[in-house]
Every structure is written in C-alpha cells, then in structure tokens.
Amino acid sequence: MKRFMFHKSALVVLTALFVASSCDITDFGDTNVSPNATTIPITSALLTNSIIGTFNAGTLRDVTAGAYAQYVSATQYTEATLYTFSNPAWDGVYAGALYDLQNIINNNTDPATAPVVAVNGSNANQLAVARIVKAYRYWCLTDDYGDIPYSGALKGEAQVPYDSQADIYKDLFKELKEAVAQFDGGLAAKGDILYNGDIAKWKKFANSIRLIMALRISKVDATLGKAEAASAIAAGVIESNADNAVMSWPGGAFKNTWFLLYDGRKDWAISDIVVNAMSPLNDPRLKAFATPNNKGEIVPMPYGLTRDAAIAYTNVHPDFSFILDAPMRTQSAPQVILSAGQVFLARAEAAQLGWTSESAATMYANGIKASWQEWGVFDQAKFDAYLQADGVTLSTGSAPAKIGLQRWLSFYPNGSQGWYEWRRTGYPDLKPTPFATNSSKQIPVRYAYPSTEPNFNGAAYNAAVGRLTGGDTQDAKVWWDK
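All values reported here derive from a predicted model rather than from experimental measurement.

> Describe the side chain of glutamine 474, naming the residues involved and giving the relevant values.
Among the secondary structure elements, glutamine 474 is positioned in the segment after helix 20 (458-466). Judged by relative accessible area, glutamine 474 falls into the buried class, the value being 6%. Aside from chain neighbours lying at most four places away, what touches glutamine 474 is Tyr68, Tyr83, Thr84, Phe85, Ser86, Asn438, Pro444, Val445 and Arg446.

So, in structure tokens, the structure goes:
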C-alpha cells in the first residue's frame, strides 16, 4: 500500500456508532468500500469516527506522554516512565482520523458529491468542522515529532515529503481562521459528538486552539505568536465552562478511554510528582484528580521506579490511587478536551509576556477559578486563601514559573498537552527518573519517527532526520522547543 493514501478499512463504520451518537441515520449503505469507488460515504459517520479518533485522550500514546509529563506512574510495566525507546506507528493516524476528515472535505468540495452529502449538514459547516478537527490532529502530531508529512499527505503518493514544523504551524493558523469564517447559517454538521452542532462554540474552540498554538511558538517566532494570540482573543475564545470542548461518550461500544484503560487492569496511578505539587498548596482538585482510598486519602505511586520496585511498592500499597476519581472513569463519563481554565491561563501567560493589555493577575485568577469549577471543587473562601499562598500568588517569586505550574495542572490528565507545555516552558521543574533506560537518561522531548518510515518513505525520512540536531532520537528538540 502507498504511504499516507486512503485505506478502505478506515471507512468501516459500525451501526452502534450511529445509534450512540444520536445521528438520525440508521442505514449505512455501502460505506465499507474501496475509496477509489464512486460510492459516496455517510459523512456524519466519518465525522463521529474522526472526532473519536482525534480526541481519545487516555489512549496508550497519550498515557505515554503523561508519563513524560510526570502526571502518571506505572505500577508494573514501567517502560514509559523509564523512557524506553518509543516510536508510535502512524497507521491509526493518517489512515484513521485524518483519512476520515479528508474524505469529508473531498466529498463536500466535489461538485458531484457535495449536493448528496449536504443531507448531513451544509457543505460549509461540514467543511469548517472537519478543518478544525483536522488542524487539531495535525497540531498534536507535529508537536509529537516535529517535521511530518503534511501538505503532500493523504493524496495517494508513494513518497511524501516532510513539511517543516514552522510551515505547518503557519498553515494551521490559516486553516483555523478560514474554518471559522466558513461556517454559514445552514444545517449544522451531523455526527458532531463534541459540540452537537453548536457553531458558536466551534468558533470559540478554534480560536482557543489558535491562542495556545501562538504561545507554543513564543520562543521561536514571538512576532507571529503575538499577532495570532491577539487575533484569537479578539475573535472570541472559550471564557466559560459551558463552552468547554467535552467529549461525550455514548457508552456501549464507545466507552470513555480512561474507563477502558482500567477495564480489568490497574497499570497506572497518579504520580507522587503531581501530589507533591498540589498537597502543600491545599489544592482541592487533588481529590478529583485521583481515586481516594477507603480512608479518603490519595495514595500516589512513586514516579520512575524499576519494575521490581514498582511491584514491591504496590504489594505494600494495594490501595494506590488510580488516575481520576471513580465517577470520572465510568463508561460514559465526559472527557474535557479544552477548557475555560486552560484558556484563561494561556491569556495570563500572553499578558505576562506583554503580548496583550489584559491583566495577567486577573486572567490567572480567572483561570484557576474556572479550573476549580470544572473539577467541581470551587469554594470561595478556600479559593481566596489559595490565591494568597506563597506558591500561587503572582505578587512574589517568579510569575512565569507559577503560571507555568498552573497551566501544567490545568491540562491534567491530558498527557500530550501537559508534555508539550513542560517541554516549552520548563515548568514545573521536572527531573528525570534515576533509573532511566534511554541513552541520555533525560526525559524525552519528542517521539522518534515510526520504524517503518526508513523503508516506506526513505528519502523524505532521511531529509527530515537530517534537519534534526542529534538525529531521530527522543532527545532531538522540535522547532519551537528552545
């Protein structure tokens, strides 16, 4: 099979998906066919499938990033927390969610198919949503690896060049702005299990992504970052938890991914790094971040132990705390993808950098408050005391470090976003495990490219590796990581 071309397996859509996602389509027709055939897919099904594939935080890839961000500790299989070489495959990415999204785009722009698929939402609205989700997926992919196949991907070519991360970021900014402008007053996109067709919320989500992307390039292109941040805020970002991007799992065949992570297993626990950062501040979110034992206590797992040491610890502490409190790990428990707290804290950093005229202290307080409300632990008196604590107040100490800590906490348990932010800012001051098995003994700062790339896409792969300082390793920093 040619690399990065459409795969027919990606069109397989199960009946349960449509029933669970509240679509009004019950007949799937001939969706499980070759992408080269003329049969038109049900784009609402592709949208549901691609949203699940894009925002499935809690999968092994995201948990591995969570291990690098030190959100989580392994309880028996400790490879991730010892930084054993990791190069996740791309098979479920390009031929998965990205393929589905491109298929939506193709069918809504082709004059021969656009009128037919419009039954699943106006062409403009389907295109706008697909472009936003696709931009998010590519954003995470490039932050995982650096340069990746982008502009030439999904076209059926055998050899696909890797675009530079700088060029990818510029194009993603463009895609997000154009997608927001593309929404029209027609029928909302069906199959939308993130915002249920609410166009106003999709626009805020896209603008909020752009704000966080802008900050991510603060050290390599502050001019572009400042302009994009100010533009995103002016266009309207998430300012209320009512507008949060929340994955609504229907249960059944499509379960909350944290539920699946623990379904018959207990391989992961909240790390002592997170607990030790929150406990001295009396941060009430801790009781929601993890499962208390029968005494109401959080029992963290020491970070970065060897397999033997981890098993010995859990034998002595069988009541170690799972990630998230139990009600947040049910089959149909919602998962927050992007929240008001995260966005306000991003605005606090932008203000602290001098990028906006907003008050960093106000945005910072708003961010922490929204985060507490998101986790259901807000209490005004406790909140007021928290803001005055030495480890929290911006009136003393390092404002960037404190904003960085709160941003790291706000993204929990989204390991990927927590890892990206730590890599960029260095906050909090995470230390590698002394038992690291990788050659550098340092926390990884990128994923290595999939092992299949040298054989299937060799020339492009070699060119991309040649641009990396240190080669295709976990220690080679991506473009924005300075």
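> Account for the pattern of salt bridges, naming residues and giving values.
Considering all chains together, one arrives at 21 salt bridges under this definition. For arginine 216, the salt bridge goes to glutamate 421, with nearest N and O atoms at 2.6 Å. Remark: glutamate 421 occurs in helix 18 (residues 415-425) and arginine 216 occurs in helix 8 (residues 199-216); sequence separation between them is 205 residues. There is no split in this pair, since arginine 216 and glutamate 421 are both buried. Here the salt bridges do not stand alone but share partners, grouping Asp143, Arg216, Glu349, Arg407, Glu421 and Arg424 into one network.

> An account of the confidence of the model for the chain is needed here, citing residue identities and associated values.
Mean pLDDT over the chain: 91, with 91% of residues reaching 70 or higher. Under a pLDDT of 50 for its full length, residues 1-38 has, in the predicted model, 82 contacts with residues more than four places off or in other chains.

> Provide a residue-level description of the packing of aromatic side chains, including the pertinent values.
Evaluated as defined, the whole model comprises 33 aromatic pairs. A ring pair is formed by tyrosine 94 and tyrosine 138, whose centres lie 6.2 Å apart and whose planes are at 65°; its orientation type is edge-to-face. Remark: tyrosine 138 occurs in helix 6 (residues 123-145) and tyrosine 94 occurs in helix 4 (residues 91-109); sequence separation between them is 44 residues. The same class applies to tyrosine 94 as to tyrosine 138, namely buried. One Lys or Arg, arginine 329, reaches over the ring of tyrosine 262 and ends 5.0 Å from the middle of that ring. Geometry around tryptophan 419 places arginine 423 over its ring, the cationic atom sitting 4.3 Å from the centre.

> Run through helix 8, naming residues and quoting values.
Helix length check: helix 8 (18 residues) gives 26 Å between terminal C-alpha atoms against 26 Å at 1.5 Å per residue, within 8%. Among the 18 residues in helix 8, 13 count as buried, and that is most of the element. Its side-chain oxygen at 3.2 Å from the backbone nitrogen of alanine 200, aspartate 198 defines the N-terminal cap of helix 8.

> Tell me about helix 16 (residues 380-388), and name the residues and values.
Taken as a whole, helix 16 has its buried residues at Phe383, Tyr386 and Leu387. Axial view of helix 16: buried residues confined to an arc of 95°, hence all on one face. Those residues of helix 16 that are exposed and angled more than 90 degrees off the buried face are Ala381, Lys382, Ala385 and Gln388. Elements in contact with the buried residues of helix 16: helix 15 (360-374) and helix 17 (399-411). Capping the start of helix 16, aspartate 379 holds a side-chain oxygen 3.2 Å from the backbone nitrogen of alanine 381, two or three residues further along.

> Can you break down unusual backbone geometry residue by residue, with the values?
Cis geometry is found at the peptide bond from tyrosine 412 to proline 413, where omega equals 5°. Residue position: proline 413 is located in the loop between helix 17 and helix 18. Unlike most non-glycine residues, glutamine 70 shows phi in positive territory, near 65°. Summarising the element assignment, glutamine 70 is placed in the loop between helix 3 (60-68) and strand 1 (72-74). Using a relative accessible area of 1% as the deciding quantity, one classes glutamine 70 as buried.

> Residues and numbers for the packing of helix 6 against helix 8, please.
Viewed as axis vectors pointing N to C, helix 6 and helix 8 meet at an angle of 25°, and their least axial separation amounts to 11 Å. Classified by the angle their axes make, helix 6 and helix 8 are roughly parallel. Between helix 6 and helix 8 lies a crossing whose hand is left-handed. The segment helix 6 lies against helix 8, with Asn125, Val129, Ile132, Val133, Tyr136, Trp139 and Asp143 engaging Ile199, Trp202, Phe205, Ala206, Ile209, Ile212, Met213 and Arg216. The class makeup of the residues in the contact of helix 6 with helix 8 is twelve nonpolar, one polar and two charged.

> Go over the environment of leucine 127, please, and point to the residues and values.
When you line up the elements, leucine 127 lands in helix 6. Of the residues examined, leucine 127 reaches a relative accessible area of 8% and is grouped as buried. Taking the C-alpha atoms as reference, leucine 127 lies 8.9 Å from leucine 101; in sequence the two are 26 residues apart. Each residue touching leucine 127, except ones within four places of it in the same chain, is listed here: Ile105, Asn108, Thr109 and Gln182.

> Can you break down the nonpolar core residue by residue, with the values?
In terms of nonpolar packing, the biggest core is built from 134 residues, with Tyr138, Phe205 and Trp268 touching the most fellow members. For this core, the element with the most residues is helix 6, which contributes 13 residues. Ala269, Met301, Tyr313 and Phe320 belong to the second largest nonpolar core, which has seven residues in total.

> Lay out the environment of serine 339 with the relevant residues and their values.
Residue position: serine 339 is located in the loop between strand 6 (335-338) and helix 14 (340-352). Exposure remark for serine 339: the relative accessible area of 1% places this residue in the buried category. The sequence separation of serine 339 and arginine 407 amounts to 68 residues, and the corresponding C-alpha distance is 11 Å. For serine 339, the side chain forms a polar contact with the side chain of glutamate 374, separated by 3.1 Å.

Criteria and thresholds
Sequence order sets the numbering: in each chain, residues are counted from 1 along the sequence as written. In keeping with the predicted nature of the model, local features appear solely for residues at pLDDT of at least 70, side-chain atom pairs appear and are counted solely at 80 or more, and the whole-chain, interface and lining totals rest on all residues. With hydrogens and water excluded, all non-hydrogen atoms of the structure serve as input to the side-chain values. By definition, any uninterrupted DSSP run of H or I lasting at least four residues is a helix, any uninterrupted run of E lasting at least two residues is a strand, and each is numbered from the N terminus. Exposure classes here rest on a 1.4 Å probe applied to the protein chains alone. A residue is buried below 20% of its type maximum, exposed above 50%, and partly exposed in between. Note on definitions: a residue-residue contact is assigned when non-hydrogen atoms from the two residues lie within 4.5 Å. Definition used for salt bridges: Asp or Glu carboxyl oxygen within 4 Å of a side-chain nitrogen of Lys or Arg. What pLDDT reports is the predictor's confidence in each residue, on a scale of 0 through 100. A pair of Phe, Tyr and Trp rings is counted when the ring centres sit within 6.5 Å of each other, with Trp represented by its six-membered ring. The angle between the planes then sorts it: under 30 degrees is stacked, over 60 is edge-to-face, the rest tilted. Should the NZ of a Lys or the CZ of an Arg lie within 6 Å of a ring centre and within 35 degrees of the ring normal, that charge is described as sitting over the ring. To estimate how far a helix should extend, the number of its residues minus one is multiplied by 1.5 Å. Side-chain atoms alone can form a polar contact between residues adjacent in sequence; in general such a contact is a pair of N or O atoms within 3.5 Å, and within protein one must be able to donate a hydrogen while the other accepts it. It is the directions from the helix axis to the C-beta atoms whose arc is reported. Under this scheme, a helix contributes an axis fitted over its contacting stretch, all axes are lines through C-alpha atoms, and angles between N-to-C directions fall in the 0 to 180 degree range. Between 65 and 115 degrees an angle is taken as roughly perpendicular, under 35 as roughly parallel, over 145 as roughly antiparallel, and anywhere else as oblique. A clockwise turn of the near helix away from the far one marks a right-handed crossing, whereas an anticlockwise turn of less than a right angle marks a left-handed crossing. Nonpolar residues are Ala, Val, Leu, Ile, Met, Phe, Trp, Tyr, Cys and Pro. Charged residues are Asp, Glu, Lys and Arg, and all others, Gly as well, are polar. For our purposes a nonpolar core is just a set of buried Ala, Val, Leu, Ile, Met, Phe, Trp, Tyr and Cys residues, chained together by side-chain atoms within 4.5 Å.

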